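# Structural overview for review
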Amino acid sequence: MPVSDWFRAREQRRYTVASPKTASADLPDGVWLKCAGCKHTVYRGDLEKNLNVCPHCGHHTELTAFERLLALADDGTFEETDATMTSTDPLRFTAAKPYAETLAAAREKTGLSEAVVTGRALVGGHPAVLGAMDFRFIGASMGSVVGEKVSRAFDRARDERRAVVFVTASGGARMQEGMISLMQMAKTAAAVRRFSDAGLPFVAVLGNPTYGGVTASFPVLADVILAEPGAMVGFAGPKLVEETTRQSLPKGFQTAESLVRHGFVDAVVPRTELAQTVARVLDYLCAQEVPEAAEGAACPVPRGEGS
Amino acid sequence: MAAVRHVMEFERPIVELERQLEDLKRLDVSAQPELAEEIARLESEIEMLKDALYSALTPWERVQVARHPERPKTQDYVAALFSEVVELRGDRAYGDDEAMFAGFGTLDGVRCVVIGHRKGKNTAENIRRNFGSPHPEGFRKARRAMLLAEKFGLPVVSFLDTAGAYPGIEAEERGQAWAIAECLETLAGLRTPVVVVGIGEGGSGGALAIGFGDRLIMLENAYYSVISPEMASLILFKDPQHAAETASALRLTAADLVELGIADEVVQEPRGGAHRDPALVLAAVEAAVSRALRDLLGVPRDELVTRRQARLAAIGAAFVRE
Ligand SMILES: [Zn+2]
């Protein structure tokens, strides 16, 4: 994707644009934004510099896939792969409106070809394959293209001996591709299995929101699972759970913080510390080619015996 | 043929005619000679209507057949197809989920690990079995059984019949998504043959967790879908009344799945659905599973896994453009 497109996509982020009461009248529209967490008015430039984390309350606002990837990759190292892949609408799905139209509108709105962006990069100096989902694209639902790009990402990482770092945000499976979508859960899980069997590390970052067939496939199979503060993560959506059980949901239900308490996520990491934390984890997991000296230090082998 | 208690909505016109027929038959035929003719006419009309209706069920009608309360359940298949059954219980972490069956059984001389969603046959049993919708414990028990199968070189036979994984508070808190994903990863690399039979409902991730392998056999009226037609209708139309339309759009029938390259084989059901003649269906499924097992048992384990993964990798790959 050319940089100009990236900037265009960046401009189309969903914000609550505040009326600039406190700002001087000559500022252009959209310069002041209202934080959904604390309702403070925040200067857009400050918010963006802070990776869309509110400087007042730490609320994490949606990021595009490219923003997520560029924040994780070492400067200037990200190189996109499978950039032009699009779905051919395998079921020629029409209900309420044709899927082809939904796809075209999503491409138009985001400037992206599909709901996931993947590529090669260095993370803390470690060769990695990076992936991030873009919720603006049909809720970053997983259909044939997302499944194929995710699978290729793992296969490429395996072939090139790279780590995988993946940031999710998705409503689940792409219903307009029916069973093809459901099978992408198995397909991506199989790709993780092949990758994992090769002894390579996979770090997942669960972003807000991550649900359904995406949660229940590749991300939760990671070696280390991180999540963004306040991210909502689960299988069934909270509304469905509430309607099915007719119970009121416990406080903090399905939040990243509660997933740590229940033992399903390793850490909640603020976005501003994410790159550094992922790099630190990879420092440990990417050292599997143990140098002889280190091996000796960890587990001394008696010298001069038997040789 | 079994007497069927539950009548599906689309069958009502026929049931109404059958009632009229019964009324006629109760009249005195000797007093009215033209009555015999009338009865014969109505009987043949009903037969024609049944043929026409049941030979061209819509996807939404098939979903209703798949959900028919008297349809043979996993426990019926386990009892009919397998001998020397040993049930395995518990996930060794939290509890035993009665919505999921796991055990050993011998089919036509082949020792197998058997897993399957287990709906109840009446309200009390359904409550105990949570209407066949597993919690994470159910998936973890199934995964335990899969790993046993691999360790001891037994093939896996899996029966699908669930509306989906249970969307409950505790199910979420105990890692529903994690439990399902772990089943998928395990199945993807399991070094033993896996034969899957769709016998009723194949509801989304909860079905998929035990729902793919080396062979997928679908009953004619079983369905397998990424989302229920009602839920798809609610999301796409903001109204659950368009389920018939979304059922068609989702391509969820056995025939659709064969066409999409996801299912391998369709087992025909008697006219009106499997519940009309369970014995016939159980025998046909036994034959199909037995054939599949014999085919797969001869395949070297590595090749089996390679083939399974290649097949998964191909799903959807033909539908992307670069
Ligand atoms: Zn704030």
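The structure presented is a predicted model; accordingly, all values stated were derived computationally and were not measured. (Residues numbered from 1 in each chain as written. Chains lettered and ligands numbered in written order. Predicted model: local features only at pLDDT ≥ 70, side-chain atom pairs only at ≥ 80, totals over all residues. Heavy atoms only, no water.)

## Overview of the overall build of chain B
As a reminder of what qualifies: Under the DSSP-based scheme used, a helix requires at least four consecutive residues in state H or I and a strand at least two consecutive residues in state E, with every element numbered from the N terminus. Each residue's exposure class comes from its accessible area (1.4 Å probe, protein chains only) as a fraction of the maximum for that residue type: buried when under 20%, exposed when over 50%, partly exposed otherwise. The contact rule is simple, with two residues in contact once any of their heavy atoms fall within 4.5 Å. The Shrake-Rupley method, run with a 1.4 Å probe, gives the accessible areas here. Residue values count only the displayed protein chains as cover. For this count, His and the chain ends are skipped, Lys and Arg are scored as positive, and Asp and Glu as negative. To locate a charge, the coordinates of NZ of Lys, CZ of Arg, CG of Asp or CD of Glu are taken.
Across its full length, chain B carries 14 helices and eight strands. Over its C-alpha atoms, taken along the principal directions, chain B stretches across nearly 75 × 50 × 40 Å. Taking all 322 residues of chain B together, the buried fraction comes to 57%. Expressed as a percentage of contacts within chain B between residues at least 6 apart in sequence, the contacts between residues at least 24 apart total 72%. Of the roughly 13,200 Å² of accessible surface on chain B, a fraction of 54% belongs to carbon and sulfur atoms. A gap of 6 Å separates the mean positions of the 38 positive and 50 negative side-chain charges of chain B.

## Considering the sheet that holds strand E7 (residues 116-123) of chain A
Residues and elements named next belong to chain A. Note the following rule: Paired strands are those between which DSSP finds at least two bridges. Orientation is described by lines fitted to C-alpha atoms, with helices fitted over the stretch in contact, and by angles between N-to-C directions that extend from 0 to 180 degrees.
Pairing in this open sheet of seven strands is mixed, and the strands run E3-E7-E8-E9-E10-E11-E12 from one edge to the other. Each having just a single partner strand, strand E3 (79-81) and strand E12 (267-268) make up the two edges of the open sheet. Along the sheet face, helix H3 (residues 65-72) touches E3, E7, strand E8 (126-133), strand E9 (163-170) and strand E10 (202-210) and points at about 160 degrees away from the line of E8.

## Notes on the coordination of the zinc ion
All names here are of chain A. Operational definition: Each metal's donors are the N, O and S atoms found within 2.8 Å of it, except that Na, K and Ca use a 3.2 Å limit; water is left out, so coordination can look incomplete.
For the zinc ion, the full set of protein donor atoms is Cys 35 (SG), Cys 38 (SG), Cys 54 (SG) and Cys 57 (SG), and the range of their distances to it is 2.3 to 2.4 Å. Written as a sequence motif, the donor residues of the zinc ion are C-x2-C-x15-C-x2-C. Of this pair, Cys 35 sits in the loop between strand E1 (32-34) and strand E2 (41-43) while Cys 54 is found in the loop between helix H2 (44-49) and H3, placing the two residues 19 residues apart along the sequence.

## Details of the domain arrangement of chain A
All names here are of chain A. To be explicit about the condition: In this entry, domain limits derive from an automatic or database-based domain assignment. When two components associate, each loses some accessible surface as probed by a 1.4 Å sphere; the sum of these losses over both components is called the buried area. By convention in these notes, a salt bridge is any Lys or Arg side-chain nitrogen within 4 Å of a carboxyl oxygen on Asp or Glu.
Segmenting chain A into domains produces domain 1 (29-61) and domain 2 (62-285). Just the C-alpha atoms count here: the centres of domain 1 and domain 2 sit 24 Å apart. Listed as interface residues are six residues of domain 1 and, on the opposing side, nine residues of domain 2. Each partner contributes to the roughly 670 Å² buried at the junction of domain 1 and domain 2, and carbon and sulfur atoms together form 60% of this total. Among the residues domain 1 hides against domain 2, the three largest losses belong to Leu 51, His 60 and Thr 61. Together they make up 77% of the total. At the junction of domain 1 with domain 2, the criterion picks out zero salt bridges.

## Notes on helix H6 (residues 136-151) of chain B
Residue and element names in this part refer to chain B. To keep things clear, this is the line we draw: Expected helix span is taken as 1.5 Å per residue step, with the number of steps being one fewer than the number of residues.
An ideal rise of 1.5 Å per residue puts 22 Å on 16 residues; H6 measures up with 22 Å between its terminal C-alpha atoms. Along H6, the residues that are buried comprise Pro 136, Glu 137, Gly 138, Phe 139, Lys 141, Ala 142, Arg 144, Ala 145, Met 146 and Ala 149. Packing partners of the buried residues in H6 comprise strand E2 (100-107), strand E3 (110-117), strand E4 (156-162), helix H7 (169-173), helix H8 (176-189) and helix H9 (204-208). Residue Gly 153 follows H6 closely and has a positive phi angle near 65 degrees.

## So, unusual backbone geometry
For the peptide bond that leads from A:Asn208 to A:Pro209, omega is -15 degrees, which places it in the cis range. Examined against the element boundaries, A:Pro209 turns out to sit in strand E10. One non-glycine residue, A:Asp82, adopts positive backbone phi at about 50 degrees. Mapped onto the elements, A:Asp82 comes out in the loop between E3 and strand E4 (86-87). Phi is positive for B:Arg251, close to 55 degrees, though the residue is something other than glycine. Along the chain, B:Arg251 falls in the loop between helix H11 (243-249) and helix H12 (254-259).

## A word on the packing of aromatic side chains
For clarity, the cut-off: Here a Phe, Tyr or Trp ring, Trp counted by its six-membered ring, pairs with any other such ring whose centre lies within 6.5 Å, and the pair is stacked when the planes are under 30 degrees apart, edge-to-face when over 60, and tilted otherwise. Whether a charge sits over a ring depends on NZ of Lys or CZ of Arg being within 6 Å of the ring centre and within 35 degrees of the ring normal.
By the definition in use, this model includes nine aromatic pairs over all chains. On the basis of an interplanar angle of 70 degrees and a centroid distance of 5.4 Å, the ring pair of A:Phe154 and A:Phe195 is categorised as edge-to-face. Here A:Phe195 lies in helix H6 (residues 178-197) and A:Phe154 lies in helix H5 (residues 144-159), a separation of 41 residues in the sequence. Under the relative-accessibility criterion, A:Phe154 is labelled buried at 0%. For the ring pair B:Tyr77 and B:Phe159, a centre distance of 5.5 Å and an interplane angle of 25 degrees mean the geometry is stacked. With B:Tyr77 in helix H4 (residues 74-81) and B:Phe159 in strand E4, this residue pair connects regions lying 82 residues apart in the sequence. When sorted by exposure, B:Tyr77 lands in the same class as B:Phe159, which is buried. Aromatic ring contacts, followed pair by pair, group A:Phe154, A:Phe166, A:Phe195, A:Phe202 and A:Phe218 into a single cluster. Above the ring of B:Tyr94, the side-chain terminus of B:Arg174 is found at 3.9 Å from the ring centroid.

## Describing the interface of chain A and chain B
What counts is decided by this rule: Residues are grouped as follows: Ala, Val, Leu, Ile, Met, Phe, Trp, Tyr, Cys and Pro are nonpolar; Asp, Glu, Lys and Arg are charged; all remaining types, including Gly, are polar.
Each partner contributes residues to the interface: chain A has 59 residues there, and chain B has 53 residues. Carbon and sulfur atoms make up 73% of the area that chain A and chain B hide from each other, which totals about 4,800 Å². Counting across the interface, chain A meets chain B through one salt bridge. Ionic pairing is found between B:Glu322 and A:Arg152, a salt bridge with its closest N-O pair at 2.9 Å. Of all elements in the fold, only E4, strand E5 (94-95), H5, H6 and helix H8 (238-245) of chain A reach the threshold of two or more residues within the side of chain A that touches chain B. Examining the composition of the side of chain A that touches chain B, we find that 15 residues originate from one element, H6(A), more than from any other. Its residues assigned to classes, the side of chain A that touches chain B shows 34 nonpolar, 19 polar and six charged. One ladder, built from two bridges, connects E4(A) with strand E8 (residues 320-321) of chain B; its direction is antiparallel. Residue A:Thr86 lies in a different strand from E8(B), and its bridge partner there is B:Arg321.

## Side note on the pattern of salt bridges
All names here are of chain B. One pass over the structure, following the stated rule, counts 51 salt bridges over all chains. Here Asp 96 and Arg 89 are joined by a salt bridge, their closest N and O atoms 2.7 Å apart. We classify Asp 96 as partly exposed; its relative accessible area is 29%. We note a salt bridge from Arg 291 to Glu 265, for which the minimum N-O separation is 2.9 Å. Residue Arg 291 is found in helix H13 (residues 278-297), and its partner Glu 265 is found in strand E7 (residues 265-267); the two are separated by 26 residues along the sequence.

## Some details on the confidence of the model for chain B
Applicable threshold: Within a predicted model, pLDDT stands for the predictor's per-residue confidence, ranging from 0 to 100.
Here chain B averages 95 in pLDDT, and 99% of its residues register 70 or above. Here the predicted complex scores 0.91 on pTM and 0.96 on ipTM.

## Structural notes on the sheet that holds strand E6 (residues 215-219) of chain B
Residues and elements named next belong to chain B. The sheet built from seven strands is open, its strands ordered E1-E2-E3-E4-E5-E6-E7 with mixed pairing. Because the sheet does not close on itself, it has two edges, and the strands there are strand E1 (83-87) and E7. Between one strand axis and the next, the sheet turns by 25 degrees as a mean value, whatever way the strands run. Summarising the sheet, E1 and E2 pair through three bridges and their orientation is antiparallel. The residue of E2 that forms the bridge with Glu 87 is Gly 103. Running over the sheet, H6 touches E2, E3 and E4 and is turned about 30 degrees from E2. Contacts from H13 reach E2, E3, E4, strand E5 (194-202), E6 and E7 within the one sheet, and its direction differs from that of E6 by about 170 degrees.

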